[in-house]
Amino acid sequence: MILVFFPGDDPTGDGPWDMRAYVIFNVVLISMSAIGAAVVLATVRPPARHLPRWLLLAPLLCGSVLLVIRGVPGVAENLLMVTGVRRGGFMGAADISTGEFWTGIGINTYFFTGAVLLLGTTVSYGRRSAGRGPRRSADQVR
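Residues numbered from 1 in each chain as written. Predicted model: local features only at pLDDT ≥ 70, side-chain atom pairs only at ≥ 80, totals over all residues. Heavy atoms only, no water.

1. So, the overall build of the protein
Alright, step 1. Secondary structure summary: the protein contains five helices and zero strands in total.
Alright, step 2. Each helix and strand of the protein, ordered N terminal to C terminal, gives the series α-α-α-α-α.
Alright, step 3. Counting all 142 residues of the protein, 21% fall into the buried class.
Alright, step 4. Residue pairs in contact within the protein that sit at least 24 positions apart in sequence constitute 51% of those at least 6 positions apart.
Alright, step 5. Of the roughly 10300 Å² that the protein leaves accessible, carbon and sulfur atoms contribute 69%. (Helix = DSSP H or I, 4+ residues; strand = E, 2+ residues; numbered from the N terminus. Buried < 20%, exposed > 50% of the residue type's maximum accessible area, 1.4 Å probe, protein only. Contact = heavy atoms within 4.5 Å. Areas by Shrake-Rupley, 256 points an atom, 1.4 Å probe, with all protein chains shown as cover.)

Structure, rendered in structure tokens:
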């Protein structure tokens, strides 16, 4: 956590962003991860049954969409890299080191695994919580 606020020499790699943007970006990502973990945990905890369904389903759906958007192209990139069609992936240089190659494979696999797991959690919670909520009597339906 300390490296987020005090990362040392220019972690942006002389990019267009300054240190403040780097810290804000990391704090937002860490916050999103913590909120996501709390929401996923809430789907299986009994006290969360009293929360409105949308309160958990909305962030689950948003997180699933974001991870699918990042994870599925990552798998396509892994296939390009492993088969040798494009060793550096979609945007990378063709002459990357072995370390960069395996780092790219690992990161893409990480996001795709997250997409699969969160999508499964979202579908499961959606099905389990569908029957929940206020029950209407037969008189109210008519």
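2. A short note on the packing of helix 3 (residues 53-83) against helix 4 (residues 98-129)
Alright, step 1. At a minimum axis distance of 7 Å, the contact between helix 3 and helix 4 shows a crossing angle of 150°. Like other packed secondary-structure pairs, helix 3 and helix 4 cross with a definite hand, here left-handed.
Alright, step 2. Within the contact of helix 3 with helix 4, the residues separate by chemical class into 19 nonpolar, 13 polar and three charged. (Axes fitted to C-alpha atoms, helices over the stretch in contact; angles between N-to-C directions. Left-handed = near helix turned anticlockwise from the far one by under 90°. Nonpolar A, V, L, I, M, F, W, Y, C, P; charged D, E, K, R; others polar.)

3. Examining the confidence of the model for the protein
Alright, step 1. Across the protein, the average pLDDT comes to 82, with 80% of residues at or above 70.
Alright, step 2. Confidence, read as mean pLDDT per element, is least for helix 5 (residues 138-141) in the protein (50) and greatest for helix 3 (92). (pLDDT = per-residue confidence, 0-100.)

4. Observations concerning the packing of aromatic side chains
Alright, step 1. Under the counting rule described, the total for this entry stands at two aromatic pairs.
Alright, step 2. Note on Phe 101 and Trp 102: the rings are 5.1 Å apart at their centroids and 85° apart in plane angle, and the pair reads as edge-to-face.
Alright, step 3. Judged by its relative accessible area of 8%, Phe 101 falls in the buried class.
Alright, step 4. Ring geometry for Tyr 110 and Phe 111: centres 5.7 Å apart, planes at 80°, overall edge-to-face.
Alright, step 5. For Phe 111, a relative accessible area of 27% corresponds to the partly exposed category. (Phe/Tyr/Trp six-rings, centres within 6.5 Å; stacked < 30°, edge-to-face > 60°.)

5. Concerning the environment of Leu 55
Alright, step 1. Following the sequence through the fold, Leu 55 ends up in helix 3.
Alright, step 2. Take Leu 55: its relative accessible area is 36%, and that puts it in the partly exposed class.
Alright, step 3. Distance in space between the C-alpha atoms of Leu 55 and Val 39 is 8.9 Å, their sequence separation being 16 residues.

6. A few points about the packing of helix 2 (residues 19-42) against helix 3
Alright, step 1. Across the interface, helix 2 lies against helix 3 with an axial gap of 10 Å and an inter-helix angle of 125°. Classified by the angle between their axes, helix 2 and helix 3 sit oblique to one another. By crossing handedness, the relation of helix 2 to helix 3 is classed as left-handed. In this structure, helix 2 uses Met 32, Val 39, Val 40 and Ala 42 to contact helix 3, whose residues at the interface are Leu 56, Pro 59, Leu 60 and Leu 66. (Parallel < 35°, antiparallel > 145°, perpendicular 65-115°, else oblique.)

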